[in-house]
Amino acid sequence: MPHPNPPTFWHATTEITDYPKLEGDLTADVAVVGGGFTGLSAALRLSERGASVVLVEGQAIAFGASGRNAGFVVPNFSKADPAYVIAKLGEEKGHRLPRLVAQGGDRVFEIARQYGLEGAQRTGWLQPAHSAEMAEALKKRVEAWQLFGRPVEWIDGRETRERTGMPIYHGALSDRSGGTINPVAYARTLARAAVAAGAQVFEQSPATGVEKDAGGWRVVTPAGSISAGHILLCTNAFETGTAARLGKTVIPLQVYQIATEPLDTALIERFSPRREPVSDTRANIFTYRLTRDNRLISGGMAILPVSAEQRMARTIAERLAFELNLPSVPRTDYVWRGTAAVTTDFLPHICEFGPNFIGATGCNGRGVAMTTMFGDVLADAVLGAVPLDQLAVPLMPADAVPFRPLARAAPSFFLIRGLMSDRRAITRTAHKPSSTAA
């Protein structure tokens, strides 16, 4: 099985079981295209409810974004809050989506418990505020999520400093339902569970085309095909073959991740006494989490995302040392990059490509919890449990992002502007941050 090149920490340290290549013609109730969290969770839910499912993955399970992230379980939006969602979608639909998102952590950790995923850590999640303005915004966000029954609270600056070891923060949103996983192990767990429930899973079987046939649809791969009444397209931001139908609707955002050498336990106690994953509110977001063997995982974006792995590895490691006041820059043992699917309104979307042919995308940096819920939503749509126009994730036209070549450059522009904004905000707290984009 091919691994990402360079390999992620997750692929290098997770036991992998290969699945066969699709050869020949099969018939199923549902054809699922894409072997990430969305496709696998949909296949699992459908199979558990008696539908026959065939899933095809063009590379290997968790080869794409589902295996290249940091493994944060964050049942939240990255650039939105409930008030924005309600204003955008209206009162009725605007309440459905936050309720769905609120279940994300519970769903992920229930799957982890039920199917024996090792290494899942439900330690909560912190979102510290880097400025007084963001502190006020997060306080309102806490109140809004509490109305949806979320286990979130505001913690003050003193407690935030105790839980992060960082003096710059004005307080933090604390979400007890969050945590961390090994994303490759999680995807592989979903695949095993789906197969045990009756699904057929194939790797090295890219969907090169989709055709109408007498039974509904026919998904074509290089060595076989699937005839099915329903198709679920779960390919994130990929832009080749059938995946292009979904990929063109989002802006691909390159995110770089590193895993450091294991750190001393006494040192970790200073900046992560509860082992909580942290993602702050800066435009050039600072994140970190711990693995079971005490490695730090952190990430960032590059202003010039071309051949940037080694450049970003150095930059991210130096930022970790600076922000967490480490005694030295930790050695980087792994560096990799993945692609996040960003929508223009920062909300997840379901797209309809024809009768009984739908897909979901737009996790906007909240991949693990959000995409797991995508799978459940798509499965419910196939099973007829919820009409398309009443799904929690809004149904949007499958239109390409306008001026997409220019839109792809937008993250770099906003990062440059954000770096300056971050510097001004934190300077007011008598802390001078380092520039971390490369």
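Check the entry above for the structure.
Residues numbered from 1 in each chain as written. Predicted model: local features only at pLDDT ≥ 70, side-chain atom pairs only at ≥ 80, totals over all residues. Heavy atoms only, no water.

1. What about the overall build of the chain?
Thinking step 1. Across its full length, the chain holds 14 helices and 19 strands.
Thinking step 2. C-alpha atoms of the chain, sized along the principal axes, occupy 70 × 45 × 45 Å.
Thinking step 3. A separation of at least 24 residues holds for 74% of the contacts in the chain among residues at least 6 apart in sequence.
Thinking step 4. Accessible surface, the chain as shown: approximately 17,200 Å² in total, 52% of it carbon and sulfur.
Thinking step 5. Positive and negative side-chain charges in the chain, numbering 46 and 42 respectively, have mean positions lying 5 Å apart. (Helix = DSSP H or I, 4+ residues; strand = E, 2+ residues; numbered from the N terminus. Contact = heavy atoms within 4.5 Å. Areas by Shrake-Rupley, 256 points an atom, 1.4 Å probe, with all protein chains shown as cover. Lys, Arg positive; Asp, Glu negative; His and termini not counted. Charge placed at Lys NZ, Arg CZ, Asp CG, Glu CD.)

2. Here's the deal with helix 2 (residues 37-48)
Thinking step 1. With 12 residues, helix 2 should cover 16 Å at 1.5 Å per step; its first-to-last C-alpha distance of 16 Å lies within 8% of that length.
Thinking step 2. When you tally the buried positions in helix 2, you get 11 out of 12 residues, the bulk of the element.
Thinking step 3. Residues of helix 2 that are buried make contact with strand 1 (24-33), strand 2 (53-56), helix 5 (104-114), helix 8 (183-196), strand 11 (224-233) and helix 12 (367-382).
Thinking step 4. Backbone geometry just after helix 2 places glycine 50 at a positive phi near 95 degrees. (Expected span 1.5 Å × (residues − 1). Buried < 20%, exposed > 50% of the residue type's maximum accessible area, 1.4 Å probe, protein only.)

3. Comments concerning helix 4 (residues 91-102)
Thinking step 1. For helix 4, which comprises 12 residues, the first-to-last C-alpha distance of 17 Å matches the rise-based estimate of 16 Å (1.5 Å per residue) to within 8%.
Thinking step 2. All of the buried residues in helix 4 are Gly94, Arg96, Leu97, Pro98, Leu100, Val101 and Ala102.
Thinking step 3. On its buried face, helix 4 sits against helix 3 (82-89), helix 5, helix 6 (132-146) and helix 12.

4. With respect to the packing of aromatic side chains
The geometry of an aromatic ring pair is captured by the separation of the ring centres together with the interplanar angle, meaning the angle of the planes.
Thinking step 1. Considering all chains together, one arrives at nine aromatic pairs under this definition.
Thinking step 2. Ring geometry for phenylalanine 9 against tryptophan 10: centres 5.1 Å apart, planes inclined by 65 degrees, an arrangement best described as edge-to-face.
Thinking step 3. Here the aromatic residues Phe9, Trp10 and Tyr334 are joined through ring pairs into a cluster of three or more.
Thinking step 4. Lying across the ring of tryptophan 217, lysine 212 places its NZ or CZ 4.5 Å from the centre. (Phe/Tyr/Trp six-rings, centres within 6.5 Å; stacked < 30°, edge-to-face > 60°. Lys NZ or Arg CZ within 6 Å of the ring centre and 35° of its normal.)

5. A short note on unusual backbone geometry
Thinking step 1. Backbone geometry places arginine 275, a non-glycine residue, at a positive phi of 60 degrees.
Thinking step 2. By relative accessible area, which is 25% here, arginine 275 ends up partly exposed.
Thinking step 3. In this structure, asparagine 294 takes a positive phi of about 70 degrees despite not being glycine.
Thinking step 4. Within the secondary structure, asparagine 294 is located in the loop between strand 14 (287-290) and strand 15 (295-300).

6. Observations regarding the pattern of salt bridges
Thinking step 1. Applying the stated criterion across every chain, the model contains 23 salt bridges.
Thinking step 2. Among the salt bridges present, the one from arginine 158 reaches glutamate 162, with a minimum N-O distance of 2.7 Å. In this pair, arginine 158 and glutamate 162 are both assigned in helix 7 (residues 157-164), four residues apart and thus about one turn of the helix distant.
Thinking step 3. Of the charged contacts in the structure, one is a salt bridge between arginine 218 and glutamate 211, with a shortest N-O distance of 3.0 Å.
Thinking step 4. Given a relative accessible area of 38%, glutamate 211 falls into the partly exposed group.
Thinking step 5. Taken together, the salt bridges that share partners define one network made up of Glu261, Asp293, Arg295, Arg331 and Asp333. (Salt bridge = Lys/Arg side-chain N within 4 Å of Asp/Glu carboxyl O.)

7. Examining the packing of helix 2 against helix 8
Thinking step 1. Where helix 2 contacts helix 8, the axes come no closer than 8 Å and their chain directions differ by 25 degrees. Judged by the inter-axis angle, helix 2 sits roughly parallel to helix 8. Where helix 2 crosses over helix 8, the two elements pack in a sense that is left-handed. Of the residues in helix 8, those touching helix 2 at Phe37, Leu40, Ser41, Ala43, Leu44 and Ser47 are Pro183, Tyr186, Ala187, Leu190, Ala191, Ala193 and Ala194.
Thinking step 2. Each residue belonging to the contact of helix 2 with helix 8 can be placed in one class, and the counts come to 11 nonpolar, two polar and no charged. (Axes fitted to C-alpha atoms, helices over the stretch in contact; angles between N-to-C directions. Parallel < 35°, antiparallel > 145°, perpendicular 65-115°, else oblique. Left-handed = near helix turned anticlockwise from the far one by under 90°. Nonpolar A, V, L, I, M, F, W, Y, C, P; charged D, E, K, R; others polar.)

8. Thoughts on the nonpolar core
Considering soluble globular proteins, one finds that nonpolar side chains tend to be buried as a cluster.
Thinking step 1. Ile61, Phe77, Tyr186 and Leu232 are the most contacted members of the largest nonpolar core, which totals 75 residues.
Thinking step 2. Tallying contributions element by element places helix 12 first for this core, with 10 residues.
Thinking step 3. Among all residues touching isoleucine 61, those that are not within four sequence positions of it are Tyr19, Gly35, Leu40, Leu55, Ala187, Arg188, Ala191, Val201 and Glu203.
Thinking step 4. Counting 29 residues, the second largest nonpolar core, distinct from the first, contains Met166, Phe286, Leu290 and Met312. (Core = buried A, V, L, I, M, F, W, Y, C linked by side-chain atoms within 4.5 Å.)

9. A few points about the side chain of threonine 242
Thinking step 1. Note that threonine 242 resides in the loop between strand 11 and helix 9 (244-247).
Thinking step 2. The contact partners of threonine 242, leaving out residues within four places of it in the chain, are Ala207, Thr208, Gly209, Val210, Leu233 and Phe357.

10. Thoughts on the environment of phenylalanine 271
Thinking step 1. With respect to the element layout, phenylalanine 271 can be found in helix 10 (residues 265-271).
Thinking step 2. Phenylalanine 271 sits 105 residues away from methionine 166 along the chain, and the two C-alpha atoms are 7.3 Å apart.
Thinking step 3. In this structure, phenylalanine 271 is in contact with Arg163, Thr164, Gly165, Leu263, Tyr288, Leu296, Leu324 and Leu326, ignoring residues within four places of it in sequence.

11. Side note on the pairing of strand 9 (residues 209-213)
Thinking step 1. Where strand 9 lies against strand 10 (residues 216-221), five bridges are found, and the strand directions are antiparallel. Paired with glycine 209 across the strands is valine 220, a residue of strand 10.
Thinking step 2. Counted along the chain from strand 9 to the antiparallel partner strand 10, the turn is two residues long. (Pairing = 2+ DSSP bridges.)

12. Digging into the packing of helix 5 against helix 12
Thinking step 1. With their axes 8 Å apart at the nearest point, helix 5 and helix 12 run at an angle of 85 degrees to one another. Considering the angle they form, helix 5 stands roughly perpendicular to helix 12. Residue-level contacts link Gly104, Gly105, Arg107, Val108 and Ile111 of helix 5 to Val368, Ala369, Thr372, Met373 and Asp376 of helix 12.
Thinking step 2. Across the contact of helix 5 with helix 12, the residue classes break down as five nonpolar, three polar and two charged.

13. Considerations on the side chain of threonine 315
Thinking step 1. Secondary-structure assignment places threonine 315 in helix 11 (residues 309-323).
Thinking step 2. The buried category is assigned to threonine 315, whose relative accessible area is 11%.
Thinking step 3. Within polar-contact distance, the side chain of threonine 315 engages the backbone oxygen of arginine 311 at 2.9 Å. (Polar contact = N/O pair within 3.5 Å; in protein donor to acceptor, adjacent residues only side chain to side chain.)

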